Amino acid sequence: MTADNEIEVKEAFQRAQKGHNNKAKLVASLKSRYNKLEDKTLFHEEFVHYLKYAMIVYKREPAVENVIEFVARFATSFQSPPKTDEEEQQQEEEEEEEEDAEDDHPFLSFIFNFLLESHKANSHAVRFRVCQLINKLLGSMAENAQIDDDLFDHIHQAMLVRVTDKFPNVRIQAALAMTRLQQPKDPDCPTINAYMLILENDTNAEVRRAVLSCIAMSPQTLPKVLKRTRDTKENVRKLAYQVLADKVHIKALTIAQRVTLLQQGLHDSSEAVREMVRCRLLPSWMLRLDGNIIELLHRLDVENCAQTALETLKAILKGTLTEELQQNRVQLDNRKVIPVDLLSCENVLYWRALCEFIKAEGDDGDEMLEQVLPDSATYAEYLYGYLKAVPLLSEEQRADFNQLELVMTKEFISQQLIHLIGCLDTNEEGGRKRVLAVLQEMLALPQTPSSLVSLLTEKLLTLISDDNRRIQTVAEIISDVREPIMEASQPVDENVSRRQQVQLAEVKVHIMEAKQTLEDCITAQDFGRAAELKDSITELENRRNQVLQEIAESSQPADKETRTEKNDPETLLRCLTMCAELLKQMRIKKQIGPTISALMASLVLPSIANAHPAVRNMAVVCLGTCTLHSKELAKNHMVLLLQIAQLDEVKIRISALRAIIDLLLLFGFQLLSETAATQTAPQSQSPDRQEEDAPMGEEKGDTPEDTAQSVLVMLSEFLGSEVSDLRTETAEGLAKLMYTGRISSAKMLSHLVLLWYNPLTEDDTRLRHCLGVFFQLYARESRVHQEVVEEAFLPTVRTLMNAPATSPLAEVDINNVVELLVELTRPSALIKPSANTEEVCVHDFLAVRMCGEMLKDPTAPEVRLYAKTLSNLELSRDGTVRKDLLTLLQQLVQVVKDRVCLRALEKMVSQLVDSKEQAELLSASALQPLDVNADEAATDDPSKSAKRPKRGQRKACTAKGGRKPSRRAESSEESDGENVPESVPMVRTSRRARAAALEKTKLDLNTLINQEANVS
């Protein structure tokens, strides 16, 4: 040092490497020396000379990072400090008076120019440090700092080049360096366009994260940031939600965007992302809405996304203190209910969410629940009053959109009020009876909207625990709805009345005549004749009484109560909905009783032939659910369900298909054989005839198998359907059947794999997700399942290889499919892998199959694919298998002409030979004493120590990571924070030892600097 407050450049760089040194003092000392120099050129050259030592180091060493930080501070220290508003105004006035403005400081311009000249260096370390330094220089400048336009353009162009660099770390620093070069108001800003391109296309997650952290929010960039909430990497999704919480106002998002964000964020597979939504996004929205929960619900479409809104409310309430919960109570009156005139979709949903949240707290929330919810009887009256007020619209009124919207709102509020029944304390008998009475009455009322029937039935059945009582209650309600008591009045017919009066008069005349004749006979003592007349008088009097009764009945047209069966679609749909809900709530082991059988005969089966599609669909649902309770019923109606699944409308076919899949899952394919046997069995045969037909039945014993085969053919045809819902439902059903072991079909599995990869199913998210989960679970479950996958390997490959150019399967990457099937059949991927490494594994059979396929036609195009795949297999150590495989490979080497295939096969042969020799050496040395110097000799000779590890060990490592990463993935995953190796369990060292080891690993630039100084 030349003085106490000055320092040499070399010493400054040496001291800057130490983290404990005060950077501000070093900057001040070096700046003092710089200011005293008249010729700055030598200083510039010396400064850059020592800076280059740090710039050639790619690794993020602490010493190098300290030097870079020091350089950035020193370079930006020459800028004038930030000025206040008054000083800026004065400066603007002076600049207007002066024509020439001052340029940037020479040293800062020199550093920038040096960095811009070096950004195209061949070394990726230099490119990385250039971008890092530019980022730090621009970031260290004041907010109101200005640079020359030409310099701005040069930096801009250089960084636009570097964001396309091969190395992710360079791209990250280049993206960060362009943060202050953005112009959000310019729709054609190159920086923002580059950022959006990176977010869409960059393969490295850390680069996407870097861009997310610095991109400016605008209507142009918002959709790109929203798309990153569905990124494949957890860290990117998490940062995307954080950026939206910090930078985007809730009003800047549409209702659909808000709902989608909450729906995806609260159901994300990562707990960290869900936590980010709960703890950052929702609180920031609440903060911008002044903590008003009802206002937040207004910003969501609660009527169409009630479930998402409920989950949002529960996430907010979860982070709320108990005192705040009591303060945030809804507007309840003295009855502890919301007044009917104040009910809205938002406050009733919040009331429901609050009550359910408190109810979930258990005994701790009982006291608070009593403050926000009335007793059961009071609530039942409140619910009854509101439900009766919901109007029932006619067809003409439904055409009026305003009236329809009003009724839909009332129905939504009614649904939430019905849901609140689950929070009531129904232990008290009186209140529970009143709630039951209200629910039964509302179900029987024809004015109750159809959309509430299912929910009312569910809550009713929840309050009744006994299945028999449930059946009886619902059957009575269905009877009242289907056959209501009608008051019928008959009008008086005048002709009938006149005829009855004439009959009465005639009878009276005959009676009078008979009585007169009787008296004459008695006087004449003709007692025989008198007895006959007496009997005729009795008959006439009975006739007179009968006529009088008929006249009385007809003259008093009293109203009569009669039951009339209703068969209109709306009534049938209500009854079937209640029946379906009852069958769902019943225990699966509950047998079908007389009441259910009567409902099936009188309601369900006749409705299957109804002309109305909604009625048919609900009838099929009832039939499918009912057959789960009775195997006999399932056998009787299986054929009907199969017919419906093929012939009716799509929605009804899907319901029938679900019923068929459920029956096969519960009873197995044996149900089909029993059904076929019942259908083919003759109704009545003599014993002799049955004995004669017995041999014929044995010959045709494949009938049950044919039935099962025909069902599988039908399901296979459904997989190729153009209707996506039917295709998805079939795939999901087959996946369930295969996973539970009801089906074991390599052909069907191959069909599912091809369906998963088919570009036509790209938009079918549910199908892709279902099959993606199924393949992993199915293959890892057992070795038997892996054998099915292995059997499906060659048919799948053949289908893809032979797919015509016009087929969508021609676009599928066959290498990707083969990698998947190889990983699924990997022995180490099993949940319970075999401990016996000598056991023959699935990959052994797969290798033999591929070798046999290659020997069939050595010139086929798929030979190269098979040869490449052989090296990725995890073979067992069984000597017989390896010997057979070696023989096959040696035959292949003789016949295959393709050079690439030949190299792969020769490599495989050499590996098998090496492993065979190693096994022989191990077996030979097993009886010999251990050579202590063997390890030392191996470490002395690097060529010997670099031998390829054993196959079992290599695959044990790769199996943990799942699919083998491609070369492109390896090159893109080398950025900071991406590939963190798994921690290996080891003995915990002492703190002193760890500190000493850490000190040894630190890079020190002093050695290089001193060495260069000595050479010069």
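Quick caveat, the model's predicted, so the values are computed rather than measured.

## Concerning the overall build of the chain
Okay, step 1: The number of helices and strands found in the chain is 51 helices and two strands.
Okay, step 2: Looking at the chain as a whole, 42% of its 1016 residues are labelled buried.
Okay, step 3: Of all intrachain contacts in the chain linking residues separated by at least 6 positions in sequence, the fraction that spans at least 24 positions is 73%.
Okay, step 4: A total accessible area of about 56100 Å² is found for the chain, and carbon and sulfur atoms account for 50% of it.

## Remarks on the state of the cysteines
Covalent bonding between the sulfur atoms of two cysteines defines a disulfide.
Okay, step 1: In the structure shown here, the tally under the stated rule is zero disulfides.
Okay, step 2: The thiol sulfur of Cys-575 is not disulfide-bonded, and the nearest other cysteine sulfur, from Cys-579, lies at 9.1 Å.

## Quick look at the pattern of salt bridges
Okay, step 1: Under the defined criterion, the tally for this structure stands at 44 salt bridges.
Okay, step 2: Of the charged contacts, one joins Glu-356 and Arg-352 as a salt bridge, the two residues approaching to 2.9 Å between their closest N and O atoms. Note that Glu-356 and Arg-352 are positioned in helix α19 (residues 345-360) at a spacing of four residues, about one turn of the helix. In this structure, Glu-356 and Arg-352 share a single accessibility class: buried.
Okay, step 3: Its salt-bridge partner being Glu-581, residue Lys-584 comes within 4.0 Å of it at the nearest N-O pair. Linking Lys-584 with Glu-581, this pair stays in helix α29 (residues 569-585), spanning three residues, or about one helical turn.
Okay, step 4: Overall, the relative accessible area of 55% leaves Lys-584 in the exposed class.
Okay, step 5: Since its relative accessible area comes to 7%, Glu-581 is described here as buried.
Okay, step 6: Several salt bridges converge on common partners, so that one network encompasses Arg-658, Glu-729, Glu-732, Lys-736 and Arg-766.

## Considerations on the packing of helix α9 (residues 168-177) against helix α11 (residues 205-214)
Okay, step 1: Two elements in contact, α9 and α11, have axes separated by 9 Å at closest approach and are oriented at 5°. With respect to their mutual orientation, α9 and α11 come out roughly parallel. Of the residues in α11, those touching α9 at Pro-168, Arg-171, Ile-172, Ala-175 and Leu-176 are Glu-206, Val-207, Ala-210, Val-211, Ser-213 and Cys-214.
Okay, step 2: Considering only residue class, the contact of α9 with α11 consists of eight nonpolar, one polar and two charged.

## What about the confidence of the model for the chain?
Okay, step 1: The pLDDT averaged across the chain works out to 80; a share of 80% of its residues lies at or above 70.
Okay, step 2: Contacts of residues 95-103 to residues separated by more than four positions or lying in other chains number zero contacts, the stretch itself having pLDDT below 50.
Okay, step 3: A low-confidence stretch, residues 977-988 (pLDDT under 50), is modelled with nine contacts involving residues beyond four sequence positions or located in other chains.

## Section: the packing of aromatic side chains
Okay, step 1: Applying the stated criterion across every chain yields a total of 22 aromatic pairs.
Okay, step 2: A centroid spacing of 5.1 Å and a plane angle of 65° characterise the contact between Phe-13 and Phe-47, whose relative ring orientation is edge-to-face. With Phe-13 in helix α1 (residues 9-16) and Phe-47 in helix α3 (residues 41-55), the pair connects residues that are 34 residues apart, well separated along the chain.
Okay, step 3: Both rings, one in Phe-774 and one in Phe-775, keep their centres 5.6 Å apart while their planes meet at 50°; by these two values the pair is tilted. A single burial state applies to Phe-774 and to Phe-775, both of which are buried.

## Concerning helix α37 (residues 724-739)
Okay, step 1: Between its terminal C-alpha atoms α37 stretches 22 Å, which fits the 22 Å expected from 16 residues at 1.5 Å a residue.
Okay, step 2: Among the 16 residues that make up α37, twelve are buried, leaving the element largely enclosed by the rest of the structure.
Okay, step 3: Buried residues of α37: Leu-726, Arg-727, Thr-728, Glu-729, Thr-730, Ala-731, Glu-732, Gly-733, Leu-734, Ala-735, Leu-737 and Met-738, and no others.
Okay, step 4: Positioned one or two residues after α37, Gly-741 has a phi angle of 90°, which is positive.

## Considering a nonpolar patch on the surface
Okay, step 1: Residues Tyr-739, Val-773 and Leu-777 make up a contiguous nonpolar surface patch of roughly 240 Å² in combined accessible area.
Okay, step 2: Inspection of the secondary structure assignment puts Val-773 in helix α39 (residues 765-781).

## Thoughts on unusual backbone geometry
If a residue is not glycine, its phi is most likely negative; likewise, a peptide bond is most likely trans.
Okay, step 1: At Asp-290, a position not held by glycine, the phi torsion is positive, near 60°.
Okay, step 2: Inspection of the secondary structure assignment puts Asp-290 in the loop between α15 (271-288) and α16 (293-298).
Okay, step 3: The phi angle at Lys-336 is positive, at roughly 70°, despite the residue not being glycine.
Okay, step 4: Structurally, Lys-336 can be placed in the loop between α18 (322-327) and α19.

## Digging into the side chain of Asp-844
Okay, step 1: Mapped onto the elements of the fold, Asp-844 is located in helix α42 (residues 842-856).
Okay, step 2: Buried within the structure, Asp-844 lacks any salt-bridge partner; Arg-882 is the closest side chain of opposite charge, at an N-O distance of 6.7 Å.
Okay, step 3: Within the structure, the side chain of Asp-844 is placed 3.0 Å from the backbone nitrogen of Cys-841, a separation counted as a polar contact.
Okay, step 4: Setting aside chain neighbours within four positions, we find Asp-844 in contact with Leu-875, Ser-876 and Val-881.

## Considering α29
Owing to its 3.6 residues per turn, the α-helix brings residues three or four apart onto one side.
Okay, step 1: Here α29 contains 17 residues, and its C-alpha end-to-end distance of 24 Å stays within 8% of the 24 Å for a straight helix at 1.5 Å per residue.
Okay, step 2: With twelve of 17 residues buried, α29 is to be regarded as a mostly interior element.
Okay, step 3: Thr-571, Leu-572, Arg-574, Cys-575, Leu-576, Thr-577, Met-578, Cys-579, Ala-580, Glu-581, Leu-582 and Leu-583 are the residues of α29 that are buried.
Okay, step 4: Each element contacted by the buried residues of α29 is listed here: α24 (429-444), α25 (453-463), α26 (467-482), α30 (594-608) and α31 (613-627).

## Quick notes on the packing of α30 against α31
Okay, step 1: Contact pair α30 / α31: the axes reach a minimum separation of 8 Å and the direction vectors enclose 140°. Relative to α31, α30 is oriented so that their crossing is left-handed. Between α30, through Ile-596, Met-600, Val-604, Leu-605, Ser-607 and Ile-608, and α31, the contact on the second element is made entirely by Val-615, Arg-616, Ala-619, Cys-622, Leu-623 and Cys-626.
Okay, step 2: Per-class residue counts for the contact of α30 with α31 are ten nonpolar, one polar and one charged.

## Overview of a negative patch on the surface
Okay, step 1: A cluster of like negative charges, contributed by Glu-361, Asp-363, Asp-364, Asp-366, Glu-367, Glu-370, Asp-375, Asp-425 and Glu-428, occupies part of the molecular surface.
Okay, step 2: Summarising the element assignment, Glu-428 is placed in the loop between α23 (401-419) and α24.

## Points about the environment of His-124
Okay, step 1: Topologically, His-124 is positioned in helix α7 (residues 124-140).
Okay, step 2: Considering only alpha carbons, one finds His-124 and Lys-166, 42 residues apart in sequence, at a separation of 8.6 Å.

## Here's the deal with the side chain of Lys-459
Okay, step 1: Considering the arrangement of structural elements, one finds Lys-459 in helix α25.
Okay, step 2: The buried charged residue Lys-459 lacks any salt bridge partner; its closest oppositely charged side chain belongs to Glu-458, at an N-O distance of 4.7 Å.
Okay, step 3: Residues within four places of Lys-459 in sequence aside, it is in contact with Ile-418, His-419, Ile-421, Gly-422 and Leu-439.

## Remarks on the environment of Gln-646
Okay, step 1: Here Gln-646 lies in helix α32 (residues 631-647).
Okay, step 2: Taking the C-alpha atoms as reference points, Gln-646 and Ala-656, separated by ten residues in sequence, lie 9.0 Å from one another.
Okay, step 3: Discounting residues that sit within four places of it in the chain, Gln-646 has contacts with Arg-653, Met-714 and Phe-718.
Okay, step 4: Of the polar contacts made by the side chain of Gln-646, one reaches the backbone oxygen of Leu-642; its length is 3.1 Å.

## Notes on the environment of Ser-744
Okay, step 1: Within the secondary structure, Ser-744 is located in the loop between α37 and α38 (746-757).
Okay, step 2: Separated by 40 residues in the primary sequence, Ser-744 and Val-784 place their C-alpha atoms 9.2 Å from one another.

About the criteria used
- Residues numbered from 1 in each chain as written.
- Predicted model: local features only at pLDDT ≥ 70, side-chain atom pairs only at ≥ 80, totals over all residues.
- Heavy atoms only, no water.
- Helix = DSSP H or I, 4+ residues; strand = E, 2+ residues; numbered from the N terminus.
- Buried < 20%, exposed > 50% of the residue type's maximum accessible area, 1.4 Å probe, protein only.
- Contact = heavy atoms within 4.5 Å.
- Areas by Shrake-Rupley, 256 points an atom, 1.4 Å probe, with all protein chains shown as cover.
- Disulfide = S-S within 2.5 Å.
- Salt bridge = Lys/Arg side-chain N within 4 Å of Asp/Glu carboxyl O.
- Axes fitted to C-alpha atoms, helices over the stretch in contact; angles between N-to-C directions.
- Parallel < 35°, antiparallel > 145°, perpendicular 65-115°, else oblique.
- Nonpolar A, V, L, I, M, F, W, Y, C, P; charged D, E, K, R; others polar.
- pLDDT = per-residue confidence, 0-100.
- Phe/Tyr/Trp six-rings, centres within 6.5 Å; stacked < 30°, edge-to-face > 60°.
- Expected span 1.5 Å × (residues − 1).
- Patch = residues over 30% accessible without salt bridge, like charges linked within 9 Å, V, L, I, M, F, W, Y side chains within 5 Å.
- Lys, Arg positive; Asp, Glu negative; His and termini not counted.
- Polar contact = N/O pair within 3.5 Å; in protein donor to acceptor, adjacent residues only side chain to side chain.
- Left-handed = near helix turned anticlockwise from the far one by under 90°.
- Charge placed at Lys NZ, Arg CZ, Asp CG, Glu CD.

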